[in-house]
Protein chains: 2
Amino acid sequence: MPMRLQTESGPFRRLRLDKRAPTPAYAQIADAVGGLLRSGALPPGYPLPPERVLCDQFGVSRMTLRQAMGILEREGLILSHRGKGTFVAHDRLKKQQQELRGFTEEILARGGKPESRLLSFRQVAPPAAAREFFAMAQGENLYEIRRIRLSGGVPLTLETVQLCERLCPRLEQFDLEKNSLYRILERSYGLRLGSCVEEISAELPAAEHRRHLDLPRGVAILTIHRNTYTDSGLPLELTKSAYRGDLYSAIVHSVRRQRTGGK
Amino acid sequence: MPMRLQTESGPFRRLRLDKRAPTPAYAQIADAVGGLLRSGALPPGYPLPPERVLCDQFGVSRMTLRQAMGILEREGLILSHRGKGTFVAHDRLKKQQQELRGFTEEILARGGKPESRLLSFRQVAPPAAAREFFAMAQGENLYEIRRIRLSGGVPLTLETVQLCERLCPRLEQFDLEKNSLYRILERSYGLRLGSCVEEISAELPAAEHRRHLDLPRGVAILTIHRNTYTDSGLPLELTKSAYRGDLYSAIVHSVRRQRTGGK
DNA sequence: CTAGATCATTGGTCTAGACATTTGGCGCCC
DNA sequence: GGGCGCCAAATGTCTAGACCAATGATCTAG
């Protein structure tokens, strides 16, 4: 007897697709299947229905379905093997792209309760480093924001942000103790954050750190310099953060460079 | 007069494709175009020929060409806009995936001259943390390698690596002062590195650090705990590194999570 | 009982089209 | 001169197939 054709899609049976929606079919499929996988309802190694079966179910052609599967595979949610099938990947395989987050988002993601205390908000003449980074013309101004950032009421970092006034004029109208700066930039100025480069280093505490961070003895400072760009590559923000070394550490996900691979 | 159809592919004119080669057409195209872009010969914003022109030139269908373009777009080498065209992206836009590297590779990439001094190479009973990470059975052993790692003759970090003997038996036959551990794992054991998670923190120097790292006064320690996995998600290596804070900092690239997007 | 051939099933690649949507230049009309 | 609409060109999405290559179950010959 030939190998039985798999027709029972099991947990995938109920997934559907709205052909009238403006979102493309492949995105809907990737969202639907991806959501099911991320829910953790299926154990690693659990087989997905064959592509041709899913095509029937969603009512799309195979190329469209494979566009969705490609997204899921790049995210590390599934693993495909020619001749065998496609399977739910192990959790550890999830390709965690290093994610750009502001302090507020980062602390929320870690289960903390972010707060801010504004130390100063000034317009300053740009130092050379900032002038070069932002490609500033003569006479352009820089916003400089200094804040203590807390989690659960404990001072965690002393942060200095520099922003080019050209990109976010009248920034002073916002309350930077109550609002996430990144949210303001995205929502109110339509600046879509794109990427950043951080340099993470270790230092001994200086007087300034002791003054603001309530440092116990025997604690070092984790310093992060961040250069942020918009999604179109425009220099957006320059940040220096001094974290309490005993309360904060940076988590970094890396992947091995591989062959350019399929999908 | 209608808008002139672009037929001059300019710098792209000479790119060709070997239909008999075993590598898929889309990979060849991505390599060829990607190589031209990475060479820096074209300025940011320079327009690529329309997809249909490239299809003709390479002799492939549009879906195949778009598979190649999708790779380049995900790498951040090009930017596409519906209705306008496809353009060379700005350098800053290149999606630098955080890359997993061993010390040797990292120092070479930074233009240094990596060396190692072996402090100890032992088989030890696994501590609880390692037993859990490697999912070790009773009686299994752990390799523990302690090395001073230098760049240009200067001690840079004190590194302790733990490896599960099951995955790389008879590791003691290799000279770990002369060979990159990652190279050994890949070449001699066929273990393909996949990804890692690092926790980066700051500490004050301990006696051990002073003893081995030749520390000047006023220097903190940058500590990196690394959990490494193979490309199939198998736990491979557990490393703790203590870097001289004045000589080393970690560079991290991050990108903003976006809509699942096309291609 | 085993080694090898067969073959259906699977994902990987590719084609030759189609229609949709966005953009921007051009010409027309006021 | 200044809008406004048309339309060609461009990318985005999708189809309904095709063939290839790897896998592994089954069948068959020894």
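Keep in mind the model is a prediction, meaning the values are calculated, not measured. (Residues numbered from 1 in each chain as written. Chains lettered and ligands numbered in written order. Predicted model: local features only at pLDDT ≥ 70, side-chain atom pairs only at ≥ 80, totals over all residues. Heavy atoms only, no water.)

## Regarding the sheet that holds strand E5 (residues 154-164) of chain A
Thought 1: If you walk across this open sheet you meet the seven strands as E3(A)-E4(A)-E5(A)-E8(A)-E7(A)-E6(A)-E9(B), and the pairing is antiparallel. The strands lining the two open edges of the sheet, one partner per strand, are strand E3 (114-124) of chain A together with strand E9 (250-255) of chain B. Strand-to-strand twist across the sheet, computed as the mean angle between neighbouring axes with direction ignored, equals 20 degrees.
Thought 2: Sheet analysis places strand E7 (residues 221-230) of chain A next to strand E8 (residues 235-244) of chain A, joined by nine bridges and oriented antiparallel. (Pairing = 2+ DSSP bridges. Helix = DSSP H or I, 4+ residues; strand = E, 2+ residues; numbered from the N terminus. Axes fitted to C-alpha atoms, helices over the stretch in contact; angles between N-to-C directions.)

## A word on the protein's contact with DNA strand C
Thought 1: The environment of DNA strand C is made up of 31 residues, and the closest members are A:Arg66, B:Ala25, B:Tyr26, B:Ser61 and B:Thr64.
Thought 2: Within 4 Å of the protein, the contacting atoms of DNA strand C are drawn from sugar and phosphate to the extent of 62%.
Thought 3: A distance of 2.8 Å separates a base nitrogen of DNA strand C from a polar side-chain atom of A:Arg62.
Thought 4: Interatomic distance of 2.4 Å between a backbone N/O atom of B:Ala25 and a phosphate oxygen of DNA strand C.
Thought 5: The set of elements that each furnish at least two residues to the surface near DNA strand C consists of helix H2 (51-58), helix H3 (62-74), strand E1 (78-81) and strand E2 (85-88) of chain A together with helix H1 (25-38) and helix H3 (62-74) of chain B.
Thought 6: Residue composition of the surface near DNA strand C, by class: ten nonpolar, eleven polar and ten charged. (Near = heavy atom within 4 Å. Polar contact = N/O pair within 3.5 Å; in protein donor to acceptor, adjacent residues only side chain to side chain. Nonpolar A, V, L, I, M, F, W, Y, C, P; charged D, E, K, R; others polar.)

## Looking at the domain arrangement of chain A
Thought 1: What the domain assignment lists for chain A is domain 1 (2-88) and domain 2 (93-251).
Thought 2: In this structure, domain 1 of chain A and domain 2 of chain A have C-alpha centres spaced 40 Å apart. (Domains from an automatic or database assignment.)

## What about the state of the cysteines?
Residue and element names in this part refer to chain A.
Thought 1: A full pass over the atoms with the stated rule returns zero disulfides over all chains.
Thought 2: Free cysteine: Cys164, not disulfide-bonded; nearest cysteine sulfur from Cys168 at 7.6 Å.
Thought 3: For Cys164, a relative accessible area of 1% translates into the label buried. (Disulfide = S-S within 2.5 Å. Buried < 20%, exposed > 50% of the residue type's maximum accessible area, 1.4 Å probe, protein only.)

## As for the pattern of salt bridges
Thought 1: Throughout the structure, instances matching the rule amount to 39 salt bridges over all chains.
Thought 2: Residue B:Glu51 pairs with B:Arg62 through a salt bridge whose shortest N-O separation is 2.9 Å. On the criterion of sequence distance, the pair formed by B:Glu51 in helix H2 (residues 51-58) and B:Arg62 in helix H3 is long-range, its members being eleven residues apart.
Thought 3: Shared partners join several salt bridges into a network, and the residues in it are A:Glu99, A:Arg101, A:Glu106 and A:Arg110. (Salt bridge = Lys/Arg side-chain N within 4 Å of Asp/Glu carboxyl O.)

## Some points on helix H6 (residues 181-189) of chain A
All names here are of chain A.
Thought 1: Those residues of H6 lying buried are Leu181, Tyr182, Ile184 and Leu185. Taken down its axis, H6 places every buried residue within 165 degrees of arc, on the same side.
Thought 2: At its buried positions, H6 is contacted by helix H4 (103-109), strand E4 (142-151), E5, strand E6 (193-203), E7 and E8. (Arc of directions from axis to C-beta. Contact = heavy atoms within 4.5 Å.)

## A word on the interface of chain A and chain B
Thought 1: Across the boundary between the two partners, chain A contributes 57 residues, which contact 56 residues of chain B.
Thought 2: In total, chain A and chain B occlude about 4900 Å² of area from one another, counting both sides; carbon and sulfur atoms represent 53% of this.
Thought 3: When residues of chain A are sorted by the area they lose upon contact with chain B, A:Arg92, A:Ser254 and A:Arg256 head the list and together hold 15% of the total.
Thought 4: At the junction of chain A and chain B, the tally comes to four salt bridges.
Thought 5: Between B:Glu105 and A:Arg256 there is a salt bridge, with its nearest N and O atoms 2.8 Å apart.
Thought 6: Elements represented by at least two residues in the side of chain A that touches chain B include exactly helix H1 (25-38), H3, H6, E6, E7 and strand E9 (250-255) of chain A. (Buried area = accessible area lost by both parts, 1.4 Å probe.)

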